[in-house]
Amino acid sequence: MYVEDVARVPRTLGGTRGEELGLPARKREYDEDDVRIRPARSSRPRTRTRPKHDDAVDALVITVDRGRYGCVVEDGSADSPVITAMRARELGRKSVVVGDRVALVGDVSGAPGALARIVRIAERTSVLRRTADDDDTTPEGRLERVVVANADQLVIVSALADPPPRTGFIDRCLVAAYDADIEPLLCLTKADLAGPAEVLDYYAELDLPYVLVQPDSDLAELRKRLGGQISVMVGHSGVGKSTLVNRLVPDALRAVGAVSAIGKGRHTSTSAVALRLPPVGRSRKDPGWIIDTPGIRSFGLAHVSAESLLHGFPDLVEGTLEDQPNCGHTPQDAECRLDAWVAEGKADPRRLASYRRLLASRAGDLDPRDHPESDPAA
């Protein structure tokens, strides 16, 4: 048999037929011609192009509760319905917090059972943060919490008596406000029980704006400062913050109750909620918003660098200009100019002590007596 004849023998030959031709039996060999390719179920090409949602409705997030977000049309009327929304998958891991300006699609009627989707989050103008601890090497210090977004003003509510004012806590709030580029406002409540002279003297060099509030006092000055702005109110429990909110927004309990219905019965004081301030008289000016936050025991500053802590103490800044670049401004820094600055009467020694307490707390070297949760002055 010639080579050409062997080439014409089918590959499947083997066994008896192969033996008749004098060829050894062999297994079948496969090539690409034997492979079947199933047609694809869909020939439509995949794409990462997302819909533009040009018909989306702009809204303000006023509450957050376990994956459900209460939103209202920011420029709407005072009786605009609360729209329940959820995050769209396309947002990825972007967080949504109270104060965020978002774009909604879907059912934005606010009717019971209606659900919209948040498809965009506008760029934030400010972000107010806090941590549970000052030391960023601890788990509590690494857990950074966004309090609110897009706030224009931080209203620090402090009682003048029962409980006494805690300047250490106010200092912390001031540092957080300046770090977030938010204007601070000191609101001193229970002015009928004690005078503000001592607290105001402590902050005399800061030119810190303030208002005094009594149980039956007129709130015109406070309303004026809140007008046209988004203001977040923070304060320890018992300083009268909730009472103040109810005076500013007479139907706050009803409004908060309606918003909390988005979740499943969670108590409203456990999370922040934004409330639209009622208009004053016949004025058409924007009365503004207030964001009520639950009472907090401490305001951790682990998210603020040691250098940025000084922003909360502008009365000490000039005293550091002659210091060496690597000066830590602690008592161990022998060449620190802050001690001489205070000795010359250019700053309150209590302010320097407060600043250095924060520096020590950041380093995890704070005396337990100076902890903000236990120190009456904190």
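Small disclaimer: the values here were computed from a predicted structure and weren't measured.

Calculation criteria
- Residues numbered from 1 in each chain as written.
- Predicted model: local features only at pLDDT ≥ 70, side-chain atom pairs only at ≥ 80, totals over all residues.
- Heavy atoms only, no water.
- Core = buried A, V, L, I, M, F, W, Y, C linked by side-chain atoms within 4.5 Å.
- Buried < 20%, exposed > 50% of the residue type's maximum accessible area, 1.4 Å probe, protein only.
- Contact = heavy atoms within 4.5 Å.
- Salt bridge = Lys/Arg side-chain N within 4 Å of Asp/Glu carboxyl O.
- Helix = DSSP H or I, 4+ residues; strand = E, 2+ residues; numbered from the N terminus.
- Phe/Tyr/Trp six-rings, centres within 6.5 Å; stacked < 30°, edge-to-face > 60°.

**Student:** Any chance you could break down the nonpolar core for me, citing the residues and the numbers?
**Tutor:** Core analysis: the largest hydrophobic core is formed by 53 residues, its most contacted members being Leu 128, Leu 154 and Tyr 355. Among all residues touching Tyr 355, those that are not within four sequence positions of it are Ala 306, Leu 309, Leu 310, Phe 313, Leu 316, His 329 and Leu 338. Ranked by size, the runner-up nonpolar core spans 20 residues in total, among them Val 239, Val 249, Leu 275 and Ile 290.

**Student:** With reference to specific residues and values, describe the pattern of salt bridges.
**Tutor:** Taken as a whole and judged by the stated rule, the model has twelve salt bridges. A salt bridge links Asp 315 to Arg 351, with the nearest nitrogen and oxygen atoms 3.0 Å apart. Of the two residues, Asp 315 sits in helix α9 (residues 314–317) while Arg 351 sits in helix α11 (residues 349–362), which places them 36 residues apart along the sequence. In this structure, Asp 315 and Arg 351 share a single accessibility class: buried. A salt bridge links Arg 337 to Glu 322; its shortest N-O distance comes to 3.5 Å. Residue Arg 337 is found in the loop between α9 and α10 (338–343), and its partner Glu 322 is found in the loop between α9 and α10; the two are separated by 15 residues along the sequence.

**Student:** Which residues make up the packing of aromatic side chains, and what values go with them?
**Tutor:** Going through the model one piece at a time under the given rule, you end up with two aromatic pairs. Where Tyr 202 meets Tyr 203, the ring centres are 4.6 Å apart and the plane angle is 90°; that geometry is what we call edge-to-face. In this structure, Tyr 202 and Tyr 203 share a single accessibility class: buried. Ring centres of Phe 313 and Tyr 355 lie 5.3 Å apart, and the angle between their planes is 55°; on these two criteria the pair is classed as tilted. Here Phe 313 is found in the loop between β13 (289–292) and α9, whereas its partner Tyr 355 is found in helix α11, with 42 residues between them in sequence. An identical accessibility class is assigned to Phe 313 and Tyr 355; each is buried.

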